[in-house]
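The primary structure of each chain is shown beneath.
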Amino acid sequence: MAAPPNRPPSVDALARAMASVGLPHALCVDLAREAIAAGEHDPAAVIGRAADLRRGLLGPVINATGVLLHTNLGRAPLALDHPARAMNLELDIRTGERGSRFAAVGALLARLCGSESAIVVNNNAAAVLLVLAALAAGRDVLVSRGESVEIGGGFRVPEVMEQSGARLVDVGTTNRTRLADYARALSLPGADVALALKVHPSNYRVEGFVEATTVHELAGLGIPVVADIGSGLIDANCPWLPGPPPAWLAGEPAARQTLAAGAGLVTFSGDKLLGGPQAGIIVGRADLVEQCRRHPLARALRPGGHVLLALQRTALAYLDRTAVTSVPFWQMVSESLDRLRARAAAIVAALGEGEMVPTDAVPGAGSAPGATLPSIGIRLEGDRLAELRRHDPPVIARVRDGCTFVDLRTVHEGDDRDVVAALRDSRH
Ligand SMILES: *Cc1c(COP(=O)(O)O)cnc(C)c1O
């Protein structure tokens, strides 16, 4: 005769056993109920499931991948602090009248880029969608066949175009598109061209027999030119850096220069090379920005106050020329190799294992594809990724040729102690 089944533990006893995991008690009670209903009575297994849920929550991690703008790690790192207070989001303090949430930060961004006006939406995909819907719904938009691209997680130019209600008109060929190709499309009988869209093919390069038309050339066609530059470099001269622009930035389009070349509007992400929060920024001619602002989609795509505040701080840091010390992305970029070497040596000494090695960090997020930044890492025997992720805070590293690499260019110096502790705990 089979032994009678054990009496199931009480919901309360199970929930209390989960207390150390650090989830809200009511959630533990729920999990305990679900476990008992599913016939799972082993407290250790139930606690393990709760711990798993806890580890799946959002939180800070240490990016030791050497990818500066890591899409899975939230792209540009940024502090988020604001008191639990009201904000003058849509109130003009000077007049006491209703104000626009875009006014302050838009004016700063416009000044930064040398343009008339600017507005902000939730991301650059939203920025392109809004521009097309506001300026070209029901009309034609000229796009070079070489720029009808897919970027990152599902941003596909033809699909965004379709959603906006604008009609995509392919111009030229995949590798070569000349001004004459645009001019021909413009003069076709029945053509109703609202604008020409230039899209920076951020995450890939076509090499060899290649020719593209510049914004400057297109600006002579008499239709607005909209340039999606993607990565959000503000100024190709990088006046916020102590030295000349870094070599890896060569060829990356910049907002200021694209506007100066005659673009009516430029769109870019807030959390790529700008180093700000996730946002989509539209800068350019006041009349075109105003058309975007008035479109009903602008209301649906508008960011919240915390995003605008973070973006305002970022813009002020650039205007103050302190971006290199106060924008975390530019801090990472400008950390000297000597400093990285000293940190790596200290970490290796504290650990008593591992080896300091030169590495190649990369900008990431589709910015400057193929470019690398010299960096310094620590190489350790074996694949330790899972153990490093289990640390609190989790450390995200890389594995190559059976070794674990921790790249210090993307690690904040203040986190070196945690890196040591995580590496110590990761020993097999
Ligand atoms: C990154 C990128 C996008 C998408 O920007 P998100 O801010 O991620 O929405 C669109 N266009 C270009 C050229 C890009 O590089």
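Our structure is the block above this text.
Just so it is clear, the model here is predicted, and its values are computed rather than measured.

**Q** Would you explain the overall build of the protein chain in this entry?
**A** A tally of helices and strands in the protein chain yields 17 helices and 18 strands. A principal-axis box enclosing the C-alpha atoms of the protein chain has dimensions of 90 × 55 × 50 Å. With 428 residues in all, the protein chain has 46% of them scored as buried. Looking at the protein chain as shown, the accessible area adds up to about 20,900 Å², and 53% of this sits on carbon and sulfur atoms. Averaging the locations of the 43 positively and 45 negatively charged side chains of the protein chain gives two centres separated by 3 Å.

**Q** Help me understand the site of the ligand, please; the structure alone is not making it clear to me.
**A** Close contacts around the ligand come from Arg-75, Asn-123, Asn-124, Ala-125, Ile-151, Phe-155, His-200, Ser-202, Asp-228, Gly-230, Ser-269 and Lys-272, and that covers them all. Between an oxygen atom of the ligand and a main-chain N or O atom of Ala-125, the distance comes to 2.9 Å. Within the side chain of Lys-272, one N or O atom sits 2.8 Å away from an oxygen atom of the ligand. Within the complex, the protein chains bury 92% of what would otherwise be the 390 Å² of accessible surface of the ligand.

**Q** Just to check I follow, could you spell out the nonpolar core for this structure?
**A** One recurring pattern in soluble globular proteins: nonpolar side chains tend to sit buried together. Core analysis: the biggest nonpolar cluster contains 93 residues, and Phe-268, Phe-329 and Trp-330 have the highest contact counts within it. Top element by residues in this core is helix α5 (residues 124-136). It accounts for 10 residues. Looking at this core, you find at least three residues from each of domain 1 (62-76 + 330-425) and domain 2 (103-322). Each residue touching Phe-268, except ones within four places of it in the same chain, is listed here: Cys-113, Asn-124, Ile-229, Gly-230, Gly-232, Ile-234, Ala-255, Leu-274, Ala-279, Gly-280, Ile-281 and Val-283.

**Q** Explanation requested: the packing of α5 against helix α6 (residues 157-164) in the structure shown.
**A** Between two packed helices, what matters for the description is the angle formed by their axes and the separation of those axes. Running from N to C, α5 and α6 cross one another at 45°; their axes reach a closest spacing of 8 Å. If you check the angle between α5 and α6, you find them oblique. Note that α5 runs across α6; the crossing there is right-handed. Each of Val-128, Leu-129, Leu-132 and Ala-133 in α5 lies in contact with α6, whose residues at this interface are Val-160, Met-161, Gln-163 and Ser-164. Tallied by class, the residues present in the contact of α5 with α6 amount to six nonpolar, two polar and no charged.

**Q** For this particular structure, what's the right way to read the pattern of salt bridges?
**A** Pairing is possible between side chains of opposite charge, provided their charged atoms come close. For the coordinates displayed, the defined rule picks out 27 salt bridges. Between Glu-335 and Arg-343 there is a salt bridge, with the nearest N and O atoms lying 3.1 Å from each other.

**Q** Could you clarify how one ought to interpret unusual backbone geometry in this entry?
**A** With an omega of 0°, the peptide bond running from Asp-392 to Pro-393 counts as cis. Here Pro-393 lies in the loop between α16 (385-390) and β16 (395-396). Positive phi, close to 45°, is recorded for Cys-238, a residue that is not glycine.

**Q** So what exactly am I meant to see when it comes to the pairing of strand β12 (residues 265-269) here?
**A** Looking down a regular strand, the side chains alternate between one sheet face and the other. Of all five residues making up β12, five are buried, and the element is well covered by its neighbours. Alternating residues of β12 divide into Leu-265, Thr-267 and Ser-269 and Val-266 and Phe-268, and every residue in both groups is buried. Note that strand β11 (residues 225-230) and β12 share four bridges and pair parallel. Paired with Ala-227 across the two strands is Val-266, which belongs to β12.

Cut-offs applied
Residues numbered from 1 in each chain as written. Predicted model: local features only at pLDDT ≥ 70, side-chain atom pairs only at ≥ 80, totals over all residues. Heavy atoms only, no water. Helix = DSSP H or I, 4+ residues; strand = E, 2+ residues; numbered from the N terminus. Buried < 20%, exposed > 50% of the residue type's maximum accessible area, 1.4 Å probe, protein only. Areas by Shrake-Rupley, 256 points an atom, 1.4 Å probe, with all protein chains shown as cover. Lys, Arg positive; Asp, Glu negative; His and termini not counted. Charge placed at Lys NZ, Arg CZ, Asp CG, Glu CD. Near = heavy atom within 4 Å. Polar contact = N/O pair within 3.5 Å; in protein donor to acceptor, adjacent residues only side chain to side chain. Core = buried A, V, L, I, M, F, W, Y, C linked by side-chain atoms within 4.5 Å. Domains from an automatic or database assignment. Contact = heavy atoms within 4.5 Å. Axes fitted to C-alpha atoms, helices over the stretch in contact; angles between N-to-C directions. Parallel < 35°, antiparallel > 145°, perpendicular 65-115°, else oblique. Left-handed = near helix turned anticlockwise from the far one by under 90°. Nonpolar A, V, L, I, M, F, W, Y, C, P; charged D, E, K, R; others polar. Salt bridge = Lys/Arg side-chain N within 4 Å of Asp/Glu carboxyl O. Pairing = 2+ DSSP bridges.

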